[in-house]
Amino acid sequence: MQASTYLLQSIPVDELTGAIAVPIYQTSTFVQEAPGVNKGYDYARSGNPTRRALEDLLAKLEYGHSGYAFASGLAAIDAVVKLLSAGDQIVAIDDLYGGAFRLFEQVYRRFGIDIVYVDTANPAEVAAALTERTKLVWLESPSNPTLKVSDIQAIADVAHAHGALLCVDNTFASPVLQQPIRLGADIVVHSATKYLGGHSDLIAGAVVAATAELGQQLKFIQNASGGILAPFDCFLVIRGLETLALRVERHCSTALKVARYLQTRPEVAAVYYPGLETHPNHAIAKKQQRSGFGGIVALVLKDDTQEAATRVVTSTQYFKLAESLGGAKSLLCHPATMTHKSTPVAQRRAAGVADSLIRLSVGLEDADDLIEDLGRALDALTAAKAETEVELEAEAQLA
Ligand SMILES: *Cc1c(COP(=O)(O)O)cnc(C)c1O
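Residues numbered from 1 in each chain as written. Predicted model: local features only at pLDDT ≥ 70, side-chain atom pairs only at ≥ 80, totals over all residues. Heavy atoms only, no water.

- The name given to the chain in an unreviewed UniProt entry is PLP-dependent transferase, with Hymenobacter gummosus as the source organism.
- As its UniProt record puts it under Sequence similarities (unreviewed entry), the chain is described as follows: "Belongs to the trans-sulfuration enzymes family."
- Among the UniProt annotations of the chain, the heading Cofactor (unreviewed entry) holds the following wording: "pyridoxal 5'-phosphate". (UniProt positions renumbered as here; feature names shortened; annotations may be inferred.)

Written as structure tokens, this is what we have:
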């Protein structure tokens, strides 16, 4: 069965009425026949049928045991970290999503959790960082925003040999391209705000556990901490998932065209896209991302300044300047001043997030139109540079 069929077949028909769309159970509580005698639901923080439909679907898509829907991607990440205790250690990818970095450093470090960051594209670095205290290895693959790809299977083996769990943030690849649990991961998280929802109209998060035991612990944390996703938003994510396979296919094919185009532009110093043969992790991306390389492309300008990047991101017409990614509409952002502004400058640069790095979320518009849009923005950069040179020359002559 192909991905699109599997996905659509996995969405349940309502047993009570036959409704083809999953009904929104907008209720806080469920009437009981006698104390503890109910139809499977008692209070909507603990369980809600609309959320249940989404959570079962997430588990199926990621080939896990059970899924859990949260109010945001960060709430999902937060729930996973709550599996740990004071004194435990996390070994995490060095170009971690900025919000996860902030949560780890400014919240969990205060609670006695230690975090070390390594270049996970090299599994040997992960192995070298693991200690007895390491309880969790945290990967994003491809990562945000430099599209670094890590060998999930190799790292799962290393983590398990040390008794640590492997959690993969699968937001960028989506379960259409990559199923980390099938590669050995214990937990998968998503910002469902991105590709799963797919329409830039909600904030949501997901956790999928590989085993019943982990599922039980995560379900306990979800209920105990209460960061659940509301029924209407669960409905929206399910609706988004109906077209996930189709959307991701198109995102991938357009992104590859955009990446190849950017490589031809003289203003561009580097293009990060795992689908390019020149990408350092292309071989492993090809192996573990079954049918494509995703919809995110990043570029660094030859004029590696925030000013040059600002000019480009304010010159496009179809690519809108906004944080977030994974929607139908193309977006672009400047991580140094936007998503990664809470990462210390030295650490940001060391992780490859250059001052002029621009991240593109390639949407569902026509590929040629998007290429034309980027072409015009890069032309604007050249024109501005020529203007400054003329001005500088005039000033020099006056002086
Ligand atoms: C956006 C994002 C998150 C955070 O998700 P929210 O839904 O914004 O809370 C986590 N990881 C990655 C890779 C993301 O892109």
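### Points about the UniProt feature "coiled-coil region" (unreviewed entry) in the chain
- Taking the UniProt record as the reference, the feature "coiled-coil region" (unreviewed entry) is found at residues 364-398.
- Secondary structure over residues 364-398 splits into 91% helix and 0% strand, and the C-alpha atoms at its two ends are 51 Å apart. (Helix = DSSP H or I, 4+ residues; strand = E, 2+ residues; numbered from the N terminus.)

### Thoughts on the domain arrangement of the chain
- What the domain assignment lists for the chain is domain 1 (3-242) and domain 2 (245-398).
- Just the C-alpha atoms count here: the centres of domain 1 and domain 2 sit 28 Å apart.
- Tallying the contact residues gives 41 residues for domain 1 and 40 residues for domain 2.
- Contact between domain 1 and domain 2 buries roughly 3100 Å² in total, counting both sides, with carbon and sulfur atoms accounting for 57%.
- For the pair domain 1 and domain 2, the number of links is zero salt bridges.
- On inspection of domain 1 and its partner domain 2, the count reaches nine residue pairs in polar contact (both at pLDDT 80 or more).
- Put simply, the parts of the chain that give the side of domain 1 that touches domain 2 at least two residues each are α1 (3-9), α4 (98-108), α6 (152-161), α7 (174-177) and α9 (231-242).
- A breakdown of the residues in the side of domain 1 that touches domain 2 according to their chemical character gives 18 nonpolar, 16 polar and seven charged. (Domains from an automatic or database assignment. Contact = heavy atoms within 4.5 Å. Buried area = accessible area lost by both parts, 1.4 Å probe. Salt bridge = Lys/Arg side-chain N within 4 Å of Asp/Glu carboxyl O. Polar contact = N/O pair within 3.5 Å; in protein donor to acceptor, adjacent residues only side chain to side chain. Nonpolar A, V, L, I, M, F, W, Y, C, P; charged D, E, K, R; others polar.)

### Re the pattern of salt bridges
- All told, the structure shown has 15 salt bridges when counted by the stated rule.
- Where Glu372 meets Arg376, a salt bridge forms, and the shortest distance between an N and an O atom there is 3.3 Å. In this pair, Glu372 and Arg376 are both assigned in helix α14 (residues 367-398), four residues apart and thus about one turn of the helix distant.
- Glu372 gets classed as partly exposed once you look at its relative accessible area, which sits at 45%. (Buried < 20%, exposed > 50% of the residue type's maximum accessible area, 1.4 Å probe, protein only.)

### Digging into the packing of aromatic side chains
- The final tally for this structure, using the stated rule, is seven aromatic pairs.
- Ring geometry for Tyr108 and Phe111: centres 5.9 Å apart, planes at 85°, overall edge-to-face.
- When its relative accessible area of 47% is taken as the criterion, Phe111 is described as partly exposed.
- Ring geometry for Tyr273 against Phe293: centres 6.5 Å apart, planes inclined by 70°, an arrangement best described as edge-to-face. Of this pair, Tyr273 sits in the loop between β8 (268-272) and α11 (282-288) while Phe293 sits in the loop between α11 and β9 (296-301), placing them 20 residues apart in sequence. (Phe/Tyr/Trp six-rings, centres within 6.5 Å; stacked < 30°, edge-to-face > 60°.)

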